[in-house]
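If you want the building blocks of each chain, they are given just below.
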Amino acid sequence: MPAENYMSLEEVAEFLGVTYQLIYRLVRSGELPAARLGKLYRVSRADLERYLESSKTPAAGGVCSVCGTVYKSSGSLGNVCKESGCGEPICFDCWNRLGIRYCKKHAKK
Ligand SMILES: [Zn+2]
Ligand SMILES: [Zn+2]
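Residues numbered from 1 in each chain as written. Chains lettered and ligands numbered in written order. Predicted model: local features only at pLDDT ≥ 70, side-chain atom pairs only at ≥ 80, totals over all residues.

### Brief notes about the nonpolar core
Grouped burial of nonpolar side chains is what soluble globular proteins tend to show.
Consideration 1: Membership of the largest hydrophobic core is limited to 10 residues, which are Cys64, Val66, Leu77, Val80, Cys81, Ile90, Cys91, Cys94, Ile100 and Cys103.
Consideration 2: Once you skip the residues sitting within four places of it in the chain, Cys64 turns out to touch Thr69, Tyr71, Leu77, Pro89, Ile90, Cys91 and Cys94.
Consideration 3: Membership of the second largest hydrophobic core comes to nine residues, among which are Met7, Val12, Leu32 and Leu48. (Core = buried A, V, L, I, M, F, W, Y, C linked by C-beta atoms within 7 Å. Buried ≥ 20, exposed ≤ 12 C-beta atoms within 10 Å, placed from the backbone. Contact = placed C-beta atoms within 7 Å.)

### A few points about the sheet that holds strand β3 (residues 40-44)
Consideration 1: What the three strands build is an open sheet, ordered β1-β3-β2; its pairing is antiparallel. Looking at the sheet topology across the chains shown, the edges are occupied by β1 (6-8) and β2 (35-37). Within the sheet, the average angular offset between the axes of one strand and its neighbour, ignoring direction, is 35°.
Consideration 2: In terms of strand pairing, β1 meets β3 through three bridges, oriented antiparallel. Looking across to β3, one finds that Ser8 is bridged to Arg42.
Consideration 3: Lying over the sheet, helix α1 (residues 9-16) contacts β1 and β3, oriented at roughly 90° with respect to β1.
Consideration 4: Together, β1 and β3 form the strand contacts of helix α3 (residues 45-54), whose direction differs from that of β3 by roughly 70°. (Pairing = 2+ DSSP bridges. Helix = DSSP H or I, 4+ residues; strand = E, 2+ residues; numbered from the N terminus. Axes fitted to C-alpha atoms, helices over the stretch in contact; angles between N-to-C directions.)

### Section: the environment of Ser84
Consideration 1: In this fold, Ser84 is placed in the loop between β6 (79-80) and β7 (89-90).
Consideration 2: Residue classification places Ser84 among the exposed positions, given that 10 C-beta atoms sit within 10 Å.
Consideration 3: Placed 14 residues apart in sequence, Ser84 and Val70 show a C-alpha to C-alpha distance of 23 Å.

### With respect to the domain arrangement of the protein
Consideration 1: Under the domain assignment used here, the protein contains domain 1 (6-54) and domain 2 (62-106).
Consideration 2: Relative to domain 2, the C-alpha centre of domain 1 lies at a distance of 30 Å. (Domains from an automatic or database assignment.)

### Some remarks on the packing of α1 against helix α2 (residues 20-28)
What describes two packed helices is the angle between their axes and the distance between those same axes.
Consideration 1: It is the contact of α1 with α2, at a shortest axis distance of 8 Å, that shows an interaxial angle of 120°. Put simply, α1 runs oblique to α2. Here α1 and α2 pass one another in a crossing that is right-handed. Residue-level contacts link Leu9, Glu10, Val12 and Ala13 of α1 to Tyr20, Leu22, Ile23, Tyr24 and Val27 of α2.
Consideration 2: Its residues assigned to classes, the contact of α1 with α2 shows eight nonpolar, no polar and one charged. (Parallel < 35°, antiparallel > 145°, perpendicular 65-115°, else oblique. Left-handed = near helix turned anticlockwise from the far one by under 90°. Nonpolar A, V, L, I, M, F, W, Y, C, P; charged D, E, K, R; others polar.)

Laid out in structure tokens, this is it:
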């Protein structure tokens, strides 16, 4: 991540390894917040990080971080720990039936 607080769309595209067109479309559709200065867009690091965080999807398959059950597809691991930046998978059983929202490490009393 570049040190500047604001990045051009070109820099964002390069940083993420995607095309400029993709970033431009995300900005135009409002998915990725950006400041418009004349014809130029600037994306703040905080907004970019928030966008990346919200667009995260659980990896295919894995182990529930709460009960330890191994799942072969991400379909049963539909949720992740709500602690920001954690991303530990939580299975539907724990999430829906037990109401657990955090992995063991971040479990609230
Ligand atoms: Zn579980
Ligand atoms: Zn966690």
